[in-house]
Amino acid sequence: MSSLPRRAKIQAQNVESKDEFSFFSELSSGSEEDDKEDSIWEPQKKVPRNRKQPVTKEPNRKPGRRAKKNTVQVDDMSKDMAVKEELNSPVAIGNANLEEKNHKLHTTKALKIAARKQKNPSQRGRKKLKVDEETSQASPLESGNSSMETPSTSTTWEDVCKKEESEDDFTFDQSPLKRVKTEACPQGKPVKFPEGANSIKEEVEMNWDIVQVLSERTNIELWVCANIIRLFNDDNTIPFIIRYRKELINNLDADSLREVRQTLDELRAVAKKVHSTIQKIKKEGKMSECLLKALLNCKTFEELEHVSAPYKTGSKGTKAQRAKQLGLEGAAWTLLENPGQLNLLSYIRPNVKGLSELKDIETGVQHILADMIAKDKDTLDFIRDLCQHRYICIQSSLAKVSSKKVNEKDVGKFQLYQNFSCNIRNIHHHQILAINRGENLKILTVKVNISDGVKNEFCRWCIQNRWRPRGFARPEIMQILRNSLDDSFKRLIVPLLCREFRAKLTSDAEKQSVMMFGQNLRQLLLTSPVPGRTLMGVDPGYKHGCKLAIISPTSQILHTDVVYLHCGQGFREAEKIKRLLLDFNCSTVVIGNGTACRETEAYFADLIMRNYFAPLDVVYCIVSEAGASIYSVSPEANKEMPGLDPNLRSAVSIARRVQDPLAELVKIEPKHIGVGMYQSLSFQHDVSQTLLKATLDSVVEECVSFVGVDINICSEVLLRHIAGLNANRAKNIIEWREKNGPFVNREQLKKVKGLGPKSFQQCAGFIRINQDYVRTFCSSQPVDSSGQSQGAALLTSEKLGKKKSKADVALTPNPLDQTCIHPESYDIAVRFLSFIGGTLHEIGKPEMQQKINSSLGKESIEKTAERLKTTAHTLQVIIDGLSQPESFDFRTDFDKPDFKRSIVCLEDLQVGTVLTGKVENATMFGVFVDIGVGKSGLIPIRNITEAKLSKTKKRRSLGLGPGERVEVKVLNIDIPRSRISLDLLRVL
């Protein structure tokens, strides 16, 4: 590969930086003078000094600037190629032939030059210099990573990039899908890099690589992080990525993907704040090269605050700044550069405050040196690394506050933390949240303790290595340096480290707690439905009675009523309940776990034990009614059940939570479902509300998408949670369905207003079209004289405009639309069917499964995927879609509600008793289990070992989650405090 001399590269970069970022122009133009000045003195390091030059940083930032400029001036092809170049710069993920990639790069560069020659012929020489420079910069990256182990689908990404030239012409026609279904792009991915990739460019302008930092913080491979950034920049949703782009993320699960996205958003927020801070400081005229470099090195908000605090509006300035204003900065540099020539007596000015005495001058020099030490990147990296290997503890104690300001009950809650100390590497997440809450309530005082051994080793390293003066220094000069190190460590570095430790502990605790909340919510949403039953929902109550609602197997409201079971009228109301159960042939009662639940459960259990409801074999179950009262007064409930009393709506919601938990719980805001840390309420105030809402909404979207919806019968509320859809798009789909009849195939979704190519790509794989329903609808319509049913005529009589002929072809039902196979892979699915000798009419039947097993027995799935020119993950999705029955619901693998006929009291329990129960909630310190005695027992986290967890059962998260049935043994019973300690025996 050709490359330019280093001087030519620097000149090209300087010219370009002037054109792009004016606030960097002064630094860029004066880089040579700065280099000369810096060469006078640099603090000693263990590494050679030439590594301090920003040679490796500049090429990473310059391509980002070029990409931004090119996207404004050139056509779409050049723009997409520029974005591709910028995104590929951090890490190479392609495993294609290096020479072929270089040939593509040169070809595209030549096209870019040709497109710009006519516009700017006078700058032809400069453009050529830029192209050669870009090529020389791309070469080391590609050649250096060509031997890396890369994913099998990286060639797909290269081929996708080739097709970006005309992607803006993507319409609702069939041709784009046919165009992407090629051998070079086997998955048919209509992916294009986003035009708004400015956030990536902003982060590339930092002195750190976002892909590298993201990989370090999440412990995920570099190439996976690079792919994830591309996918999120292209507005792909997590469900779509998990199911249809699995090979690009190395089989990560949804929780890991959410963690990466959260970390990515944090890094981008830091970069954005850094650049806004740079502009403010630049506007005030306080910017210097050292300050700019320190700002661009910041990776967290704490580091940014540490560097930028003295330059905030209204700040009095630091001690170092006041010393610099007195002219003592030169003395500080002389102390390090040439201590033998330093004469502090020459700086004495008797009439100037701060310079009148030698002691004042020494203090001023000390403050300047302390500030230099505290803001030096290598020094901070050393102390952070040192703290990672030393004992650092966090301590909490009872605060000295007035008893009038603090509630005594609140003080008692924090008894465990009134004299608490723990290593920051061993402290639990729930302990951090509890300590933070106590500190916010001004009950606890918290501090981070860094031992003196850390300080001594830090000062020794600085004097011997990083901040060792060049030349002989007198004892009084060395004493100033030692005082500077001591002052810098105590006054500047330790507070910074404490803020960083506290912020890191709090952030990790919040993320872990929110992730636990999300896992519990997922487990609850994916509870196995109980279809085909007529259910009676009971919302218990005392004075206002128990509200009843009987719903049909299709969730239609059959009857509502109110009975007073706990006001001395229980026997009379039993006749009414019996008559309702017999009239509607209902044998299942669902009781909410709210007020009067225990008494209502005992009432029904007594009637069942006396066989009062004969000939019906009645059973009952207890479900959580969290959020039911909130939903009953919501606009959604008023629209769904107009004219019905809100109290009766709660009973309807309780019954539907057993019949189809997912469809009912999505109507409630996730944080009100009550499966989080500390039973959701107090926990929600301990964590970031933005993070909590984003995570829970993402979990709901994941669950609804993976279960899938039947587009012709699903509700608008359920539809809006499908990946790629929102409230407006779901509303438009329902309106289209009501106006034009049921959807015949997925292609008709493109006719819905507001549903563009990207939305269709994200949602199409999660939307099902029941073929029996479509055939029934078409056959039920009368046939006209032309032999066409009126249902089909209705579907073809829309205003199609110029696309009418193409749309007519798309009205044919496609059996693949009832599967999880994405439309972009239909071509591969058809070729696979031809390969195994199957037909579309055999989808979901035993014959199809036999043919698939026979084919895979002869040839592995990897070989078959290679034969079909696709990936093994895509072929696996196709196989699953072809072999699963039409009404397949993977929620059947999860636990169903626990139906009971009798009840056990807390007083009946004995230590050592073995019981079965259902997990109600999971926290970071244990799992709460409902064992049917009216009070949940706790399995401490230490009693939940990997050997006791089921390995054969399918589970979507590690550990135990709500809804799972377990076998436990009673360890301890505390009746006065109503506490039960359990030991986990096994998962049923």
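Calculation rules
Residues numbered from 1 in each chain as written. Predicted model: local features only at pLDDT ≥ 70, side-chain atom pairs only at ≥ 80, totals over all residues. Heavy atoms only, no water. Axes fitted to C-alpha atoms, helices over the stretch in contact; angles between N-to-C directions. Helix = DSSP H or I, 4+ residues; strand = E, 2+ residues; numbered from the N terminus. Parallel < 35°, antiparallel > 145°, perpendicular 65-115°, else oblique. Left-handed = near helix turned anticlockwise from the far one by under 90°. Contact = heavy atoms within 4.5 Å. Nonpolar A, V, L, I, M, F, W, Y, C, P; charged D, E, K, R; others polar. Phe/Tyr/Trp six-rings, centres within 6.5 Å; stacked < 30°, edge-to-face > 60°. Lys NZ or Arg CZ within 6 Å of the ring centre and 35° of its normal. Pairing = 2+ DSSP bridges. Core = buried A, V, L, I, M, F, W, Y, C linked by side-chain atoms within 4.5 Å. Buried < 20%, exposed > 50% of the residue type's maximum accessible area, 1.4 Å probe, protein only.

Per an unreviewed UniProt entry, the chain goes by the name S1 RNA-binding domain-containing protein 1 and belongs to Cricetulus griseus.

Trainee: Please clarify how the packing of helix H39 (residues 826–836) against helix H42 (residues 872–883) should be interpreted in this entry.
Mentor: When two helices pack together, you describe them by how their axes are tilted relative to each other and by the distance separating the axes. With their axes 10 Å apart at the nearest point, H39 and H42 run at an angle of 70° to one another. With respect to H42, the axis of H39 lies roughly perpendicular. In the packing of H39 onto H42, the handedness of the crossing is right-handed. Touching Ile828, Ala829, Phe832 and Leu833 of H39 are Thr874, Leu875, Ile878, Ile879 and Leu882, all from H42. Of the residues that constitute the contact of H39 with H42, the class distribution is eight nonpolar, one polar and no charged.

Trainee: Can you walk me through the packing of aromatic side chains in this structure?
Mentor: Note on aromatic pairs: each is described by the distance of the centres and the angle between the planes. Evaluation of the coordinates by the stated rule reveals ten aromatic pairs. With centroids separated by 5.8 Å and ring planes inclined at 85°, the aromatic side chains of tyrosine 603 and phenylalanine 604 adopt a geometry described as edge-to-face. Aromatic ring contacts, followed pair by pair, group Phe240, Tyr244, Phe706 and Phe766 into a single cluster. Positioned above the aromatic ring of tyrosine 612, the side-chain terminus of lysine 578 is 5.1 Å from the ring centre. Its guanidinium or amino end placed over the ring of phenylalanine 760, lysine 750 lies 4.8 Å from that ring's centre, counting from NZ or CZ.

Trainee: Would you take a moment to explain the pairing of strand E6 (residues 557–563) for this structure?
Mentor: Looking along a regular strand, one sees the side chains alternate between the two faces of the sheet. Pairing between strand E5 (residues 546–551) and E6: six bridges, direction antiparallel. By the bridge assignment for E6, leucine 548 is matched with aspartate 561. Once E5 ends, the chain turns through five residues before running back antiparallel as E6, passing serine 555 with a positive phi of about 70°.

Trainee: What's the story with the nonpolar core in this structure? I'm lost.
Mentor: Side chains of nonpolar character tend, in soluble globular proteins, to be buried together. Judged by nonpolar contacts, the single largest core of 108 residues is most densely connected at Ile249, Val274, Leu295 and Leu719. Among the elements that make up this core, the one with the highest residue count is helix H14 (residues 254–283) (ten residues). Membership of the second largest hydrophobic core comes to 63 residues, among which are Leu380, Leu444, Ala473 and Leu481.

Trainee: Would you mind going over the sheet that holds E5 with me for this structure?
Mentor: Backbone-to-backbone hydrogen bonds pair the strands of a sheet. The strands run either parallel or antiparallel. As summarised here, the arrangement of the five strands in space is E6-E5-E4-E7-E8, forming an open sheet in which the pairing is mixed. Looking along the sheet, the strands with just one partner apiece sit at the ends: E6 and strand E8 (619–623). Shown here is a sheet whose adjacent strand axes are inclined to one another by a mean of 20°, direction ignored. Against the sheet, helix H25 (residues 570–583) contacts strand E4 (535–539), E5 and E6, and its axis sits at roughly 175° relative to E6.

Trainee: I'm lost on unusual backbone geometry in this one. Help?
Mentor: Glycine aside, residues mostly have negative phi angles, and peptide bonds mostly take the trans form. Backbone torsion omega between alanine 614 and proline 615 reads 10°, so that peptide bond is classified as cis. The phi dihedral of lysine 442 is positive, around 60°, even though this residue is not glycine. Classification of lysine 442 by relative accessible area gives exposed; the value is 58%.

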